[in-house]
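# Working through the structure, step by step
So you can see what is in the structure, the chains are spelled out below.
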Amino acid sequence: IPDLSEKVAIVTGGNSGTGFWAANALAAKGCTVVLACRNEAKANAAKDEIIGYHPKAKVEVIAVMDNMDLATVKSFADTFNKKYDRLDYLLNNAGIMAQPLIESKDGFDIQFQTNHLAHFLLTQLLWDKMVNTEGQTRIVNHSSGAHKLGCPAFDKTKMDDPPYNWGILGFNAVLWHGLLPIMGMKPLDNWKRYGTSKLCNVLFTKELQKKIEQAGIGDKVMAVACHPGYANTNLQNVAKDSMTNWEKANSGNAQSAADGSLPLLLSTIGKDVKGGDYCEPSLSSNFKGPPIIGKVGGNGDNAEMAGELWTYSEECLDSKFDI
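Below, the structure is looked at part by part.

The rules we used
Residues numbered from 1 in each chain as written. Predicted model: local features only at pLDDT ≥ 70, side-chain atom pairs only at ≥ 80, totals over all residues. Heavy atoms only, no water. Pairing = 2+ DSSP bridges. Helix = DSSP H or I, 4+ residues; strand = E, 2+ residues; numbered from the N terminus. Axes fitted to C-alpha atoms, helices over the stretch in contact; angles between N-to-C directions. Buried < 20%, exposed > 50% of the residue type's maximum accessible area, 1.4 Å probe, protein only. Salt bridge = Lys/Arg side-chain N within 4 Å of Asp/Glu carboxyl O. Phe/Tyr/Trp six-rings, centres within 6.5 Å; stacked < 30°, edge-to-face > 60°.

On to the sheet that holds strand S10 (residues 288-293), then. One open sheet holds the eight strands; their spatial order is S3-S2-S1-S4-S5-S6-S9-S10, and the pairing between them is mixed. If you trace the sheet from one side to the other, it starts and ends with strand S3 (58-60) and S10, each paired once. Strand-to-strand, the axes of this sheet are offset by a mean angle of 20°, without reference to chain direction. Relative to S10, strand S9 (residues 278-283) runs antiparallel, the two being bridged by four bridges.

In terms of burial, helix H11 (residues 262-269) is largely enclosed, as six of its eight residues are buried. For H11, every residue scored as buried is listed here: Pro263, Leu264, Leu265, Ser267, Thr268 and Ile269.

A complete count under the given rule lists 13 salt bridges for this structure. With a shortest N-O distance of 3.4 Å, Lys105 and Asp69 are connected by a salt bridge. Taken as a pair, Lys105 in the loop between strand S4 (89-92) and helix H4 (110-131) and Asp69 in the loop between S3 and helix H3 (70-83) lie far apart in primary sequence, 36 residues in all. Overall, Lys105 belongs to the exposed group, its relative accessible area being 67%. Across the salt bridge formed by Asp109 and Arg193, the nearest N and O atoms sit 3.7 Å from each other. Of this pair, Asp109 sits in the loop between S4 and H4 while Arg193 sits in helix H7 (residues 188-214), and the two are 84 residues apart along the sequence. Arg193 carries the same exposure label as Asp109, and that label is buried. Members of the salt-bridge network, linked through shared partners, are Lys7, Arg86 and Asp88.

Here we take up the packing of aromatic side chains. Inspection of every chain in the model, using the stated rule, returns 13 aromatic pairs. With a centroid separation of 5.8 Å and an interplanar angle of 45°, the aromatic rings of Phe154 and Tyr312 are classed as tilted. Here Phe154 is found in the loop between strand S5 (137-142) and helix H5 (156-160), whereas its partner Tyr312 is found in helix H12 (residues 303-317), with 158 residues between them in sequence. Centroid distance Trp310 to Phe321: 4.9 Å. Interplanar angle 25°. Geometry classified as stacked. Of the two residues, Trp310 is situated in helix H12 and Phe321 in the segment after H12; the sequence distance between them amounts to 11 residues. In this structure Trp310 comes out as buried when scored by relative accessible area, which is 4%.

Note that every value here comes from positions in space, so none of it alone points to a role or purpose.
As structure tokens, this is what we get:
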């Protein structure tokens, strides 16, 4: 990681897991890191821990941002825009996994809102700041290998109960109704919504990069997606009701949260990374190992679906995101 002394980054969900370790690595190289978290006490504890590792680190907590409450996303972005004159890296990292169907106070499935819609809004609200920052800025959307199972239908009722992505010749049926239940990953509806929300991260990245290139501003900003692999974070603990074997699975198969942050960091500062790329671990079916520039799967390259997601996201927010 090069010297980042003049850079500013936002890390959503930066108080724990891969977000914490990415924030820690950036701060260690002089980057000013703003933690965007829903729990102020946990955000400040993470700030103190990073400064404990790196006494000269510049880590700030400027406002609470809860992805399940879009008003706080707007408030956070407003506070940031008033306080800072640049934004080099936006790490849309915060996420939840395999939760039951619960509506946020804004009326959307909490997985769709937390993992995608709030980050779409945050990116929109910070867009002018990023485009006007000197150098090339980066927007990184933290997805998952589960995006390969996602199959959105852009209607609120259908997004609450998305269809199965059966894959080529119905191969994914083996996963949905065979391997996943055996692994304790059920009820399946929770995982369908999760996979769909993670696909939204990829599709958002693809459509955003497409619009960047059409606008001729690829030298100013790029969009990248990534997959952490199977990392031992609080994500599994929060999803424990839909992942009954999570403790055994973590102890036997997961890499550390710090290692899981490496694709996120590669996406953020990797010299060979290009707009629209997807970074992921290189070993064990992309579950662990050193990060590489990989390939999306499933509906990840569906350009028509990416365009539909963009329009649907604007409709949900009742706001046009013009590039």
